[in-house]
Amino acid sequence: MTDLATLAAEVAACTRCPLHATRTQVVFGRGNPDADLVFVGEAPGAEEDAQGVPFVGRSGKLLDRLAAEELGLTDADFYVMNVLRCRPPGNRDPKPDEVASCSAWFDAQLALLQPKVVVSLGNFATRSLLGTTEGITRLRGKAYPWRDIVLVPTYHPAAALRGGPQPLAEMRADFVRAKQVLEASR
Ligand code: URA
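Rules and cut-offs
Residues numbered from 1 in each chain as written. Predicted model: local features only at pLDDT ≥ 70, side-chain atom pairs only at ≥ 80, totals over all residues. Heavy atoms only, no water. Near = heavy atom within 4 Å. Polar contact = N/O pair within 3.5 Å; in protein donor to acceptor, adjacent residues only side chain to side chain. Areas by Shrake-Rupley, 256 points an atom, 1.4 Å probe, with all protein chains shown as cover. Nonpolar A, V, L, I, M, F, W, Y, C, P; charged D, E, K, R; others polar. Helix = DSSP H or I, 4+ residues; strand = E, 2+ residues; numbered from the N terminus. Buried < 20%, exposed > 50% of the residue type's maximum accessible area, 1.4 Å probe, protein only. Contact = heavy atoms within 4.5 Å. Salt bridge = Lys/Arg side-chain N within 4 Å of Asp/Glu carboxyl O. Core = buried A, V, L, I, M, F, W, Y, C linked by side-chain atoms within 4.5 Å. Expected span 1.5 Å × (residues − 1). Arc of directions from axis to C-beta.

Caption draft 1: Molecular detail of the site of the ligand. Neighbouring residues of the ligand: Gly-41, Glu-42, Ala-43, Glu-48, Pro-54, Phe-55, Asn-82 and His-156. The separation between an oxygen atom of the ligand and a polar main-chain atom of Glu-42 is 2.8 Å. Residue Asn-82 places a side-chain N or O atom 2.8 Å away from a nitrogen atom belonging to the ligand. Protein burial of the ligand: of its 240 Å² of free accessible surface, 91% is covered by the chains. A class-by-class count of the residues in the shell around the ligand yields three nonpolar, three polar and two charged.

This is the structure we're talking about:
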């Protein structure tokens, strides 16, 4: 098996799906590759595409704030990545063929990271990882055995930014759940 830097270099040259034609650059991951906790979002947005780093815009700021406040962690302690490594134009939803094309990269990246806990952010990431069409409102609030990892679904930070106090409070509760799962896995 290759290492993360080699994988990142391979992904940087990817042309497996049409998004390679419209991206500024591939957005691979950020944080600590040895961390036990990995956050998984949907796909890069405009700022992530510009900087080549996941969750650096408003959603990312909220993610980092909640991680600090509820988990006591910074991204020196966790890792952040997305289901897709390239930005869908205009931030439209990823298409099934794009997800299929990117899934081998996702799986290879996760296999190298070997986290104990994955927190999936939002409907899209959660559905795509759990292979369900159930909505995030029903899926969140629980931890799921997934592969050899525990998956804790929560809202996408953008939904909490839009939705106000209730989704934000539920997101905080999910982060506390993730912390408990993390501690139990040690
Ligand atoms: N939203 C996501 O799902 N991922 C990012 O990297 C940024 C915003």
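Caption draft 2: Highlighting unusual backbone geometry. The phi dihedral of Asn-91 falls on the positive side, at around 60°, and the residue is not glycine. Checked against the element boundaries, Asn-91 lands in the loop between strand E3 (78-82) and helix H4 (96-113).

Caption draft 3: Inspection of the environment of Trp-146 at higher detail. By the element assignment, Trp-146 lies in strand E5 (residues 144-146). Taking relative accessible area as the criterion, Trp-146 reaches 9% and is therefore assigned buried. C-alpha of Trp-146 to C-alpha of Leu-129: the two residues are 17 residues apart in sequence and 8.5 Å apart in space. In this structure Trp-146 touches Phe-106, Leu-110, Val-118, Leu-129, Leu-130 and Leu-151, once residues within four positions along its chain are discounted. Within polar-contact distance, the side chain of Trp-146 engages the backbone oxygen of Leu-129 at 2.8 Å.

Caption draft 4: Layout of the pattern of salt bridges. Using the criterion set out here, one finds 13 salt bridges in the structure. Between Glu-69 and Arg-172 there is a salt bridge, with its nearest N and O atoms 2.9 Å apart. Taken together, the residues span a long stretch of sequence, with Glu-69 in helix H3 (residues 58-71) and Arg-172 in helix H8 (residues 165-184) at a distance of 103 residues. Residue classification places Glu-69 among the partly exposed positions, given a relative accessible area of 44%.

Caption draft 5: How the structure looks around the nonpolar core. Ranked by internal contacts, the top residues of the largest apolar core, which has 30 residues, are Val-38, Val-40, Met-81, Leu-110, Val-118 and Trp-146. Those elements giving two or more residues to this core turn out to be helix H1 (4-12), strand E2 (37-41), E3, H4, helix H5 (122-130), E5 and strand E6 (149-154). Here the element with the most residues in this core is H4; it accounts for six residues. Leave out the neighbours within four places in its chain, and Val-40 touches Met-81, Asn-82, Val-83, Phe-106, Val-118, Val-119, Ser-120, Leu-121, Ala-125 and Leu-129. With 23 residues, the next largest nonpolar core counts Phe-39, Phe-55, Leu-63 and Val-181 among its residues.

Caption draft 6: Region of the structure containing H8. Over its 20 residues, H8 extends 29 Å from the first C-alpha to the last, a length consistent with the 28 Å expected when each residue adds 1.5 Å. The set of residues buried in H8 consists of Pro-167, Glu-170, Met-171, Asp-174, Phe-175, Ala-178, Val-181 and Leu-182. Projection of H8 onto a plane perpendicular to its axis shows the buried side chains occupying an angular sector of 150°, all on one side. Opposite the buried face of H8, at more than 90 degrees from it, the exposed residues are Pro-165, Gln-166, Gln-180, Glu-183 and Ala-184.

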